[in-house]
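Observations on the three-dimensional arrangement
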Amino acid sequence: MTSHTPADTFPRQYARTLRYTVGAPRSFSVAPDGSRVVFLRSRSGSDRANLLWTLDTTTGEERIAADPAVLLGGGEEDLSPAEKARRERSRESSAGIVGYALDAAGDRAAFALSGRLFTADLAAGTTAELPAVGPLLDPRLSPDGAHVAYANTAGELRLTRTDGSGDRALAEPDGPNVTWGQAEFIAQEEIDRTRGFWWSPDGERLLAERADDSPVRRWWIADPANPDREPAEVAYPAAGTANAEVGLWVLDLHGGRTEVSWDHAAFPYLARVHWSEGGVPLLLVQSRDQRAQRILGVDVATGATEVLFEEHDEVWLEAFPGVPAWTPDGKLVRISDRGGVRALVVGDQAVTGADLHVRSVVAVTAREVFFSASGGAEETDPEPGWIAVGRISHDGKELAWESANGRPFTSVTSAVHAGGITVRATAEPDLPGTLVQVARDLPEGVVVDDVATIASYAETPAITARPVFRFAGERRIPAAVFLPTGYDRERDGLLPVLMDPYGGPHGQRVVQAHNPHLNSQWFADQGFAVVVADGRGTPGRGPAWEKSIAFDFAGATLDDQVEALRALAGEFPLDLDRVAIRGWSYGGYLAALAVLRRPDVFHAAVAGAPVTDWELYDTHYTERYLGHPAERPEVYAANSLNGYAAGLERPLMIIHGLADDNVVAAHTLRLSSALLAAGRPHTVLPLSGVTHMTPQEEVAENLLLLQVDFVKRSLGR
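Conventions and cut-offs
- Residues numbered from 1 in each chain as written.
- Predicted model: local features only at pLDDT ≥ 70, side-chain atom pairs only at ≥ 80, totals over all residues.
- Heavy atoms only, no water.
- Helix = DSSP H or I, 4+ residues; strand = E, 2+ residues; numbered from the N terminus.
- Rg over C-alpha atoms; globule rule 2.2 N^0.38 Å.
- Buried < 20%, exposed > 50% of the residue type's maximum accessible area, 1.4 Å probe, protein only.
- Core = buried A, V, L, I, M, F, W, Y, C linked by side-chain atoms within 4.5 Å.
- Contact = heavy atoms within 4.5 Å.
- Salt bridge = Lys/Arg side-chain N within 4 Å of Asp/Glu carboxyl O.
- Polar contact = N/O pair within 3.5 Å; in protein donor to acceptor, adjacent residues only side chain to side chain.

Quick notes on the overall build of the protein
Assigned secondary structure in the protein consists of 13 helices and 44 strands. Against the compact-globule benchmark of 27 Å for 717 residues, the protein has a radius of gyration of 25 Å, which places it among compact chains. Its C-alpha atoms give the protein principal-axis dimensions of about 70 × 55 × 55 Å. Looking at the protein as a whole, 57% of its 717 residues are labelled buried.

This is how it looks when you write it as structure tokens:
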């Protein structure tokens, strides 16, 4: 890590370094023969432009494979609106090379820069620009490295040869709102599927998504600070309204085209596509209410599909990273909720038990499955917030853990694996950043000494986070508590409290790592006891924990914040007469909900980009948790904020980016109107030109400072 600039304040450094991610290695791939590791990293902790790097696993030598500054001749990047939208969906704030794809051998990489197509010969160390009709999106090499397929902003899926000899369309839009080879909004934003086409292992054909968003309602997002500009048109599938029509086709390189058929009416969501060597393509499709899903095998010659597995759940089903997949000997690998346990299943056998909560599959080898997991049975979990990568034999009899510190239950580890090489990234609570190590396997699957450590150029944080982890209350709610640096109880007494949750689905805040807690520590150093609590609905505690919020955001998630606060007050110096709460997105919803519903507990709130009316949020997310609004209007009314506006009696600041196309500014404006109609004073801070991510350095820095000032004034400090 590099040291920070002495003149930096934490808020400026935190914003400038994109939460200390700039300069850290990321996006790892391993060549199938284990000869090299490919990854992205910028030159320093203050340079956002990623370069493409390789590491030789024999020598440990790192080498630059592609440098955006050289390829663009020192010019600035020019991103299309479509690429900006893709990056917003994936929460990507960095620059330069933000993604790449390898051929089957791992010898060549393809990537986009400024909507142009480039390849890098990783063995020779050379790069080339290829002819392409851009601006292009998501270029991917054929397994044999002879072609690159890519989507573009015209909605085409195109093919170009890597020898530069030709470029042609494989599929062109047959309507004004049709795209080929691109994941639709819902897939990108909610299903964690960013790809829209997949190469066959032999490189002779592709599976390609055709999406038509004509049925989707159009919204218009204006820029009030620049009234001369036309509003942006957004196809936004709000809860209860139509989604894009999504199909899948087999396209061969010689012009053949076959539609893949399944019961679209019953299973409209295309959640996962997997096509591995030696196996038929796998699809995971979901019903609209996500209570049923099927794993389908595809006959690429006819487009017909076979149901390989079907499951149902009375609440909802999840789509997990890395599955479904095949083992090399033809067993289906999946993750399934069985008897209250989220288990890894190989064939028909659950190979993990109640002590683990499986989160994803990392890799499948001839002998093992690499998977990510956290604690399962809560009464036996020693620490909250650990995430580990394990490797388990197909029969479940042999299990080992990947961890740089040898303590998988007091850290957060992620990994990739191929060719007998594992790249593991381990974060710990008492060390800034993440340690990335490359390890080689022995034939029997035991990890030996590390091959190399991949350097991080990220800046060292200006402050040190000191989380104290606890299970709080009767529900054993995972929590982290932060006190001011140098706090002395006898001298300083009770502290005003700042609750700092996300508190909702997909957002785990209590993790056994350092950097994710820096923001909370900085707030603590301003004179607060900061509490982060992951109540019911947050991930990592088991299916029952996650699904207990069904049809009840407003009750369960808020109740658990109150329980954690009161339980922790028995051990920590929390002044329960001075309690504020802040949050962003779902956390913003929870913060506003807290002062509207429980003013007896919460005395001030800062709500950033809050969802205030759930009928304005998207289909896949909202209908999973609250049902269809036409079928459950009372649930939407009970869980939205506007109906509680008349009850506001505490200070409330609402912050919203006016360019946000995920949680649109209408949420804040409608709540503000309801508060005004009820005669309730409140503060609204509109952010011109800012999206849901708030990536602008000055905006991000000043938001922290303004929040502290508001909370201090509101609590009488």
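Here's the deal with the nonpolar core
Ranked by internal contacts, the top residues of the largest apolar core, which has 75 residues, are Phe553, Phe602, Trp614 and Leu652. With nine residues, helix H9 (residues 586-597) is the largest single contributor of residues to this core. With residues up to four places along the chain from it excluded, the contact list for Phe602 reads Met499, Leu558, Gln561, Val562, Val579, Ile581, Ala594, Val595 and Arg650.

Some points on the pattern of salt bridges
Scanning all chains against the criterion turns up 42 salt bridges. As a salt-bridge pair, Arg36 and Asp107 come within 3.1 Å of each other at their nearest N and O atoms. Separated by 71 residues along the polypeptide, Arg36 in strand S2 (residues 36-42) and Asp107 in the loop between strand S6 (101-102) and strand S7 (108-113) bring together distant segments of the chain. Owing to a relative accessible area of 13%, Arg36 belongs among the buried residues under this scheme. A salt bridge links Arg41 to Glu62; the nearest nitrogen and oxygen atoms lie 2.6 Å apart. Of the two residues, Arg41 is situated in strand S2 and Glu62 in strand S4 (residues 62-66); the sequence distance between them amounts to 21 residues. Look at Arg41 and you get buried, because its relative accessible area is 0%. Of the residues examined, Glu62 reaches a relative accessible area of 23% and is grouped as partly exposed. What you see here is one network of salt bridges that share partners, running through Arg367, Glu368, Arg391, Glu398, Glu402, Arg424 and Asp441.

Some points on helix H6 (residues 518-525)
Here H6 lies mainly inside the structure; seven of its eight residues are buried. By the burial criterion, the buried members of H6 are Leu518, Asn519, Ser520, Gln521, Trp522, Phe523 and Ala524. Looking at the buried positions of H6, the neighbouring elements they touch are helix H1 (10-16), strand S38 (477-482), strand S39 (495-499), strand S40 (529-533), strand S41 (574-584) and helix H13 (697-714). Directly after H6, the chain includes Gly527, whose backbone phi takes a positive value near 110 degrees.

Side note on the side chain of Thr17
With respect to the helices, strands and loops of the structure, Thr17 is situated in the loop between H1 and strand S1 (26-30). A distance of 2.7 Å separates a polar side-chain atom of Thr17 from the backbone oxygen of Gln13. Discounting chain neighbours no more than four positions away, the residues touching Thr17 are Val22, Gly45 and Glu459.

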